[in-house]
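Single-letter residue listing:
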Amino acid sequence: MPATLLSGREAAGALLEGLKSKVKELDPKLVIVQVGEDPASSSYIKQKFKSCEKVGMRSEHMHLPPDTSLDDLMNVIDKLNTDADVSGFIVQLPLPKQLEDKVPEIIRAIDPKKDVDGFGAYNLGKTFLSTEFEHLPPATPSGIIAMLEHYKIQIEGKHAVIVGRSNIVGKPLSIMLLNRNATVTVCHSRTKDLASLTRLGDILICAVGKAKMITRDMVKEGAIVIDVGMNKTEYGLVGDVDFEEVKEIASAITPVPGGVGPMTVASLIRNCVRAKERQTN
Ligand code: GUN
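Residue positions within a chain follow its written sequence, with the count starting from 1. Totals for whole chains, interfaces and linings use all residues, but because this is a predicted model, local features are given only for residues with pLDDT of at least 70 and pairs of side-chain atoms are given and counted only at 80 or more. Excluding hydrogens and water, the side-chain figures rest on all heavy atoms present in the structure.

Asker: Mind showing me how you'd approach helix H7 (residues 139-150) here?
Answerer: Since the α-helix advances by 3.6 residues per turn, residues separated by three or four positions end up pointing in the same direction. Helix and strand definitions follow DSSP, with helices as H or I runs of at least four residues and strands as E runs of at least two, each counted in order from the N terminus. What a helix should span is 1.5 Å times the count of its residues minus one. End to end, H7 covers 16 Å across twelve residues, agreeing with the expected 16 Å (1.5 Å per residue, within 8%). Each residue is assigned to one of three classes by its accessible area relative to the maximum for its type, calculated with a 1.4 Å probe on protein chains only: buried under 20%, partly exposed between the two thresholds, exposed over 50%. Burial analysis of H7 places ten of its twelve residues in the buried class, which makes it a mostly covered element. By the burial criterion, the buried members of H7 are Ala-139, Thr-140, Pro-141, Ser-142, Gly-143, Ile-144, Ile-145, Ala-146, Met-147 and Leu-148. Buried residues along H7 sit in contact with helix H1 (8-26), helix H8 (170-178), strand E7 (203-206), strand E8 (224-227) and helix H11 (260-280). Just downstream of H7, Lys-152 is the residue with a positive phi angle, here 55°. Contacts were defined at the residue level, with two residues in contact if any of their heavy atoms lie within 4.5 Å.

Asker: Please explain unusual backbone geometry as it appears in this structure.
Answerer: Trans is the prevailing form of peptide bonds, just as negative phi is the prevailing case for residues other than glycine. Following Leu-93, the chain continues into Pro-94 via a peptide bond in cis, with omega recorded as 0°. For Pro-94, the location among the structural elements is in the loop between strand E4 (88-91) and helix H4 (97-100). Look at the link from Val-256 to Pro-257: it is a cis peptide, with omega at 0°. Note that Pro-257 resides in the loop between strand E11 (252-253) and H11. Positive phi, close to 50°, is recorded for Asp-193, a residue that is not glycine. As for its placement among the helices and strands, Asp-193 is situated in the loop between strand E6 (183-187) and helix H9 (194-198). Unlike most non-glycine residues, Lys-212 shows phi in positive territory, near 55°. Summarising the element assignment, Lys-212 is placed in the loop between E7 and E8. For Lys-212, a relative accessible area of 42% translates into the label partly exposed.

Asker: So what exactly am I meant to see when it comes to the pattern of salt bridges here?
Answerer: Side-chain pairs of opposite charge can arise where the charged atoms are in close proximity. Note on definitions: salt bridges are taken to be side-chain nitrogens of Lys or Arg within 4 Å of carboxyl oxygens of Asp or Glu. As enumerated under the stated definition, the model contains twelve salt bridges in all. We note a salt bridge from Arg-58 to Asp-85, for which the minimum N-O separation is 3.0 Å. Taken as a pair, Arg-58 in strand E3 (residues 58-64) and Asp-85 in the loop between helix H3 (70-82) and E4 lie far apart in primary sequence, 27 residues in all. Residue classification places Arg-58 among the partly exposed positions, given a relative accessible area of 28%. Connected through shared salt-bridge partners, Asp-27, Arg-58 and Asp-85 make up one network.

Asker: Looking at this structure, I do not really get the pairing of E7. What am I missing?
Answerer: On E7, burial covers both faces: Ile-203 and Ile-205 on one face and Leu-204 and Cys-206 on the other are all buried. Two strands are said to pair when DSSP picks up at least two bridges between them. Where strand E5 (residues 159-163) lies against E7, four bridges are found, and the strand directions are parallel. Bridging from a neighbouring strand, Val-163 pairs with Cys-206 of E7. In terms of strand pairing, E7 meets E8 through four bridges, oriented parallel. Bridging across to E8, Leu-204 finds its partner in Val-225.

Asker: Looking at this structure, I do not really get the site of the ligand. What am I missing?
Answerer: With respect to spatial proximity, the complete set of residues near the ligand consists of Lys-48, Val-91, Gln-92, Leu-93, Asp-117 and Phe-119. Side-chain polar atom of Gln-92 to a nitrogen atom of the ligand: 3.2 Å apart, as the coordinates give it. In this structure, a nitrogen atom belonging to the ligand sits 2.8 Å away from a main-chain N or O atom of Leu-93. For the ligand, the accessible surface in isolation is 280 Å², of which the surrounding protein chains cover 83%. For the shell around the ligand, the class distribution of residues is three nonpolar, one polar and two charged. Any residue with at least one heavy atom within 4 Å of a molecule or strand is counted as near it. Each polar contact in these results corresponds to two N or O atoms within 3.5 Å; when the atoms are within protein, one needs to be able to donate a hydrogen and the other to accept it, and residues that are neighboring in sequence are counted only if both atoms are side-chain atoms. Computed with the Shrake-Rupley method and a 1.4 Å probe, the accessible areas treat only the protein chains shown as cover for residues. Residues are sorted three ways: Asp, Glu, Lys and Arg are charged, Ala, Val, Leu, Ile, Met, Phe, Trp, Tyr, Cys and Pro are nonpolar, and all the rest, Gly among them, are polar.

Structure representation (structure tokens):
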């Protein structure tokens, strides 16, 4: 039987709908800093502003030239940190070449109270502790958890296998699932016999950035499959999972596009509401 489709558009719509009254009450503002013209970033940012509009949240695009220096970007961050009208802001990644290896420094400069991407050490550290300290968790893992919750998929007691160990998806997601009592395996580029591990996953999450790398033979029958990949190919945008093959063996699967992407955006907006809430109280 083909898998149930886990629609990020539907789940994100529900999450955003639930935020509307808080947005009206608190009037938060999100700022997105973009450096340069990366086309994928421009498209993601457009989605983020669209969702802000949907919930009635104020937003601003600070679009800086591609040759922006570290000093100039740090000055912008300082201003956003101290501007009381800005509830939260993000610096869209990737950054141009001259700033690429400065990302840790740039993230460190963002006030943790306004770090609505949840990328900084303070917010990651809180996320690490337990679910009750998850104030501004990283948006993609948080969106994946929200997706599982929306479709009433139990996490506790499940074996979650994550492929990919990035600081913004794989690593924090492993902790968030562990804190919800899943048993977690994290696989990566040096993992030996990947398929033998992915086949153990009751929940299989792939966040690698390699088109269709998860094939049918790598998936346990009846697994829940979450595809974080967004790969541009000659056939259009495809995930890390071979959707057509894997949907025949999984019990539920996210599409690309329209799966995890909208959940990341909705989580970012939820974080911005939470940030403003904390700043108000
Ligand atoms: N680039 C791709 N995804 C993201 C994200 O969630 N936040 C930021 N800042 N950059 C990204």
